[in-house]
Amino acid sequence: MSNMKDDKNINITRRGILKAGAVAGLLTSSVGPFIRRARASEPIKLGILLPKSGTYSVQGEQGHNGATIAIDDIQGKVLGRPVELVWLDENGPQTTQQNMHKLIQEHKVVAVQGGISSGDVLAIMPVAEREKTLLMATGPNATEITGANCNRHTFRIDLPNYETVRSVYPSLSKNGKSWYFLYASYAWGIDGYKQMREVLLKDGGKVVGADQTPLGTTDFSSYILKLMAAKPDVVFLGIGGGDLTNFLKQFHQMGLTGKIPLSSLICNDTDFWAAGPEAASGVFPKIWNYTGSQNTSVSEQFIKKYQVKFGKPPESEAWQDWFGCTAILTAIKETGSTETNKLIEFLEGHKFKGYKEREMYFRSWDHQLIQPTLVAQVKPKITSKYDYFDIVAVAPPKDQPIETLYGSKAETECKLAPA
Amino acid sequence: MVDTTLFMSQLMNGLVLGFLFVLIAVGLSIIFGMLGLVNFAHGAFFALGAYLALTLRPYVGFSGVLFLSPILVGAIGLVVERLLLRPLYNKEPLLSLLLTFGLALFIQELLRTLWGAMGHPFDAPSFLAGFVHYGPVFVTRYRLAVLVITIVLLAAVWLFLEKTRYGRIVRAGSRDPEMVSMLGIDLKHVFMFIFGLGCLLAGAAGVLAAPLWSVVPSMAEQAIMPAFVVVVIGGLGSLRGAIVAGLMVGVSVAMTIQFWPVASTSIMYVLMIVVLLLRPRGLFGERWERFE
């Protein structure tokens, strides 16, 4: 059939493309100089790198939504200039790195926030350092981000695996000490397995099985058959997003929900909402939860605004990006500047009060946000479409120093280069 | 070492998984075989099947959506063929390829707009909850049902193509459209019907996969890759090839998870490379003048 192709038609298309190209060229050349001129009323741009597709796309949307609330909080303006968010896709280390360059060079952003996958964040951290741009890593959990690979331009909101495994371990070890691990085969999962195994072995526990799962796995049934055969006391996961949803559904269909205790390196509400109440079980470390008496009045206001704007409650990722954006905006406002060095110095010294029960701060020597962690248990009976968790503990307990679980300077292996 | 029980269970699980792959791939294979068209939107029709089931289930129940949803997706397929694809048959093949690619993105974005980016819970019907033990083999009742439904659907498609008059026209039209047209048979309607049938099968796969995997817009991407791999391994356009290839991929994935889990996603691509090196037209791909 291809021999009947219509030459005339293709010619027109080619000419059409040329025309379109010429118009585009004209547009860019006339708009170009206008962009280059800096003005007082010119917007302050903040870059966002969050997934728009794939395993973590749901978290990506929640994160972006959260950041827009932070902009609403300041009526869209700081230092008398409008604030604008530029959201580009986080989709694998290479694409994310390209988009980071694009944000800095084309969009001239003051700072970049976001990052769900630790692999992506580890890829853009050197760019932040080289381009001297502030990177507020809101969603990754690999320990090395504020550990062995830390750098001066990167701050991290989310919890390091080192901390989450230690916060949830006491709630899990009472079920027994023969554990099966299932974890994503990239930076986050691999680091998380290493961290939890260390804690378990030190406590006299045993690893009865450990499997790596490629990111984007849809069918876990073969993994589940394997772990059933190993008869573990606890199944500890290092998977998230759509992968966790799929796992929960299939774990449920094989009749294991509630039979084998389940936990994970971290948990996002949306993964559970998508799996449904029947498939949900387990005890998890959680950075934030929209219900529970631990929430401060600042948190409550955020929840209210989010619900009004988006029609459903915010989950952890929304809070993380809301706080990340708030931290950047606070730094810009308080220093009266968009200069990276000034912002970094401010963030290293500032105490954020009222956001959680205890005051939070970025540790000056590794840039990790020090904050309490929730230990969240799936409710025995879930009655609301969005309310899945009871907060059973806050780690560390109030009588212990807040840095207890984050590791000392020597343990984190972070060495920041001087300014 | 791995005991026999576990090995047998994995084998069985791989076969069931394989049938799911076959079901996703078979519509793609039929459309290619008959229309010579690579339908990039196949995964999107798969997702559409799941989403329609999600919306209609409260009204007609699971058994109801198992019929209704694929028929609706098939009907949408008919409209798409009539309005978008038919004008392109005599043009550059690249154009229809680009069209289906664009359509895939469009449908996925539509799903995101109408139902949101978030996943939706979708359980297996309660009468198919639980699991069965046959000796060493452990399998969930729902997966068993998927297996049975897939076999019934495949048998129906095969009987239709091989044993009916209409099926004979379809097969002849796929080999030599010009000759069939000269015999006075109107192929336009045949093509439209086949595209609709392919979409219907995609929709059915979507409904059946919904309780197993997540109902999210990205389920379209998750389905299209294995479907392509299965069709390529089996030989483009071969129904028999799609079945053998689907089962091969399913069992390989299950076995890789047992012995070398980290490679479980890449194994199907390895399989595809090996098959293509040994048999460039795929396992059951025949020499068709149209495609050479």
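None of these values were measured; they are calculated from a predicted model.

Draft legend 1. Expanded view of the sheet that holds strand S4 (residues 111-114) of chain A. Residues and elements named next belong to chain A. Strand order in the open sheet formed by six strands is S2-S3-S1-S4-S5-S6, and the pairing between neighbours is mixed. Each edge of the open sheet is held by one strand with a lone partner, namely strand S2 (77-78) and strand S6 (154-156). Here S4 runs beside strand S5 (residues 134-137); their pairing, made up of four bridges, is parallel. The residue bridging Val112 from the neighbouring strand is Leu135, located in S5. Running over the sheet, helix H4 (residues 118-130) touches S4, S5 and S6 and is turned about 160 degrees from S5. Along the sheet face, helix H11 (residues 316-335) touches strand S1 (44-50), S2, S4 and S5 and points at about 160 degrees away from the line of S4.

Draft legend 2. Inspection of the nonpolar core at higher detail. Grouped together as the largest cluster of nonpolar side chains are 204 residues, with contacts concentrated most on Val22(B), Leu23(B), Ala25(B), Ile194(B) and Val230(B). Element by element, the count of residues in this core is highest for helix H1 (residues 4-35) of chain B, at 17 residues. A domain split of this core shows at least three residues from each of domain 1 (44-160 + 294-372) and domain 2 (162-292 + 373-395) of chain A. Val22(B) has contacts with Thr150(B), Val230(B), Ala242(B), Ile243(B), Gly246(B) and Leu247(B), leaving out every residue within four places of it along the chain.

Draft legend 3. Representation of the pairing of strand S7 (residues 178-184) of chain A. Residues and elements named next belong to chain A. Burial runs high along S7: six of the seven residues are buried. Pairing geometry for S7 and strand S8 (residues 206-213), over seven bridges, is parallel. Among the inter-strand pairings, Phe181 is bridged to a residue of S8, identified as Ala210. As judged from the five bridges shared by S7 and strand S9 (residues 234-238), these two strands associate in the parallel manner. By the bridge assignment, Tyr183 is partnered in S9 with Gly238.

Draft legend 4. Layout of the confidence of the model for chain A. Residues with a pLDDT of 70 or more make up 90% of chain A, whose mean pLDDT is 89. Low pLDDT, under 50, characterises residues 1-38 of chain A; the stretch is placed with nine contacts to residues that sit more than four places away or in other chains.

Draft legend 5. Examining the sheet that holds strand S10 (residues 262-264) of chain A more closely. Residues and elements named next belong to chain A. Strand order in the open sheet formed by four strands is S8-S7-S9-S10, with parallel pairing between adjacent strands. Either end of the sheet is taken by a strand with one partner, and the two such strands are S8 and S10. Along the sheet, successive strands turn relative to each other by an average axial angle of 20 degrees, direction set aside.

Draft legend 6. Highlighting the packing of H1(B) against helix H4 (residues 141-163) of chain B. Residue and element names in this part refer to chain B. Taken N-terminus to C-terminus, the directions of H1 and H4 make an angle of 40 degrees; their axes are 9 Å apart at the nearest point. Overall, the two elements H1 and H4 adopt an arrangement that is oblique. The two elements H1 and H4 meet at a crossing, and its hand is left-handed. Contacts from Val16, Phe19, Leu20, Val22, Leu23 and Val26 of H1 reach H4 at Arg143, Val146, Leu147, Thr150, Leu153, Leu154 and Val157. The residue inventory of the contact of H1 with H4, partitioned by class, reads 11 nonpolar, one polar and one charged.

Calculation rules
- Residues numbered from 1 in each chain as written.
- Chains lettered and ligands numbered in written order.
- Predicted model: local features only at pLDDT ≥ 70, side-chain atom pairs only at ≥ 80, totals over all residues.
- Pairing = 2+ DSSP bridges.
- Helix = DSSP H or I, 4+ residues; strand = E, 2+ residues; numbered from the N terminus.
- Contact = placed C-beta atoms within 7 Å.
- Axes fitted to C-alpha atoms, helices over the stretch in contact; angles between N-to-C directions.
- Core = buried A, V, L, I, M, F, W, Y, C linked by C-beta atoms within 7 Å.
- Buried ≥ 20, exposed ≤ 12 C-beta atoms within 10 Å, placed from the backbone.
- Domains from an automatic or database assignment.
- pLDDT = per-residue confidence, 0-100.
- Parallel < 35°, antiparallel > 145°, perpendicular 65-115°, else oblique.
- Left-handed = near helix turned anticlockwise from the far one by under 90°.
- Nonpolar A, V, L, I, M, F, W, Y, C, P; charged D, E, K, R; others polar.

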